[in-house]
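Summary of structural features
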Amino acid sequence: MTTPHGSTPGGYEKSDLKPKPIVIFGVILSLVTILAFVATYGMIRLLGWWERPRLETPASPLATRTVPPEPRLQVEAPKELKGLQKAEQEVLTTYAWVSKEAGIARIPIERAMQLVLERGLPVSKPAPIAAPAKGGAR
């Protein structure tokens, strides 16, 4: 008896896949994985023994705790960024003297924009027109 697609009523085709090669492949793969793990572990142990510091080895000059010159790497970049933004915000939103002797003060940016709207921008003098070169064009 055959089904509409021509397959036998057994439920699967017995000639397509043999389990023996799959099991052999799985066993070989497992053995190779275990051997690779053992070899890696052995190399780590061997190199760890080889690289152990000796008692008479002097300390590296790079192991000192001196502070390197500027510019240094940022250790806490988000914290430093928040501090910078806070300082910038303070400059933009507060009154302060820039130079008390010269009478120069800093005002908040919102107030400066209001003053520009009320008073307008200063009118600049037009640039003088340059005189034509003597001798004319040839």
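As shown above, the structure is provided for reference.
Read on for an overview of the structure.

What counts and what doesn't
- Residues numbered from 1 in each chain as written.
- Predicted model: local features only at pLDDT ≥ 70, side-chain atom pairs only at ≥ 80, totals over all residues.
- Heavy atoms only, no water.
- Helix = DSSP H or I, 4+ residues; strand = E, 2+ residues; numbered from the N terminus.
- Buried < 20%, exposed > 50% of the residue type's maximum accessible area, 1.4 Å probe, protein only.
- Areas by Shrake-Rupley, 256 points an atom, 1.4 Å probe, with all protein chains shown as cover.
- Pairing = 2+ DSSP bridges.
- Phe/Tyr/Trp six-rings, centres within 6.5 Å; stacked < 30°, edge-to-face > 60°.
- Salt bridge = Lys/Arg side-chain N within 4 Å of Asp/Glu carboxyl O.
- Patch = residues over 30% accessible without salt bridge, like charges linked within 9 Å, V, L, I, M, F, W, Y side chains within 5 Å.
- Contact = heavy atoms within 4.5 Å.

Across its full length, the protein chain carries three helices and two strands. For the protein chain, the α and β elements follow one another from N to C terminus as α-α-β-β-α. Buried positions account for 1% of the 138 residues belonging to the protein chain. When the accessible area of the protein chain is evaluated, it comes to approximately 14,200 Å², of which 66% is carbon and sulfur surface.

Next up on the list: unusual backbone geometry. Note the cis peptide between E70 and P71, where omega equals -10°. With respect to the helices, strands and loops of the structure, P71 is situated in the loop between α1 (19-50) and α2 (77-93).

Every other side chain in a regular strand lies on the same face of the sheet, so the side chains alternate between the two faces. As paired strands, strand β1 (residues 96-99) and strand β2 (residues 104-106) are joined by three bridges and run antiparallel to one another. Bridging across to β2, A96 finds its partner in R106. From the end of β1 to the start of β2, which pair antiparallel, there are four residues, and G103 there has a positive phi angle of about 75°.

The next point concerns the packing of aromatic side chains. Scanning all chains against the criterion turns up one aromatic pair. Ring centres 6.5 Å apart and planes at 20° place the aromatic pair F37 and Y41 in the stacked group. Of this pair, F37 and Y41 both sit in helix α1, four residues apart, which is roughly one turn of that helix. Under the relative-accessibility criterion, Y41 is labelled partly exposed at 48%.

We now examine the pattern of salt bridges. The final tally for this structure, using the stated rule, is two salt bridges. Two residues, E70 and R72, come together in a salt bridge whose shortest N-O distance is 3.0 Å. According to the relative accessible area criterion, R72 is partly exposed, its value standing at 41%. Here K79 ties to E76 by a salt bridge, and the two come within 3.6 Å at their closest N and O atoms. When its relative accessible area of 61% is taken as the criterion, K79 is described as exposed. Under the relative-accessibility criterion, E76 is labelled partly exposed at 41%.

This part is about a nonpolar patch on the surface. Judged by side-chain polarity, I34, F37, V38 and Y41 come together as a nonpolar surface patch covering roughly 450 Å² of accessible area. Along the chain, the position of I34 falls in helix α1. By relative accessible area, which is 51% here, I34 ends up exposed.

Our focus in this paragraph is the environment of I107. For I107, the location among the structural elements is in the loop between β2 and α3 (109-119). Sequence-wise, I107 and T94 are 13 residues apart; in three dimensions their C-alpha atoms are separated by 6.2 Å. Discounting chain neighbours no more than four positions away, the residues touching I107 are T94, Y95, A112 and L115.

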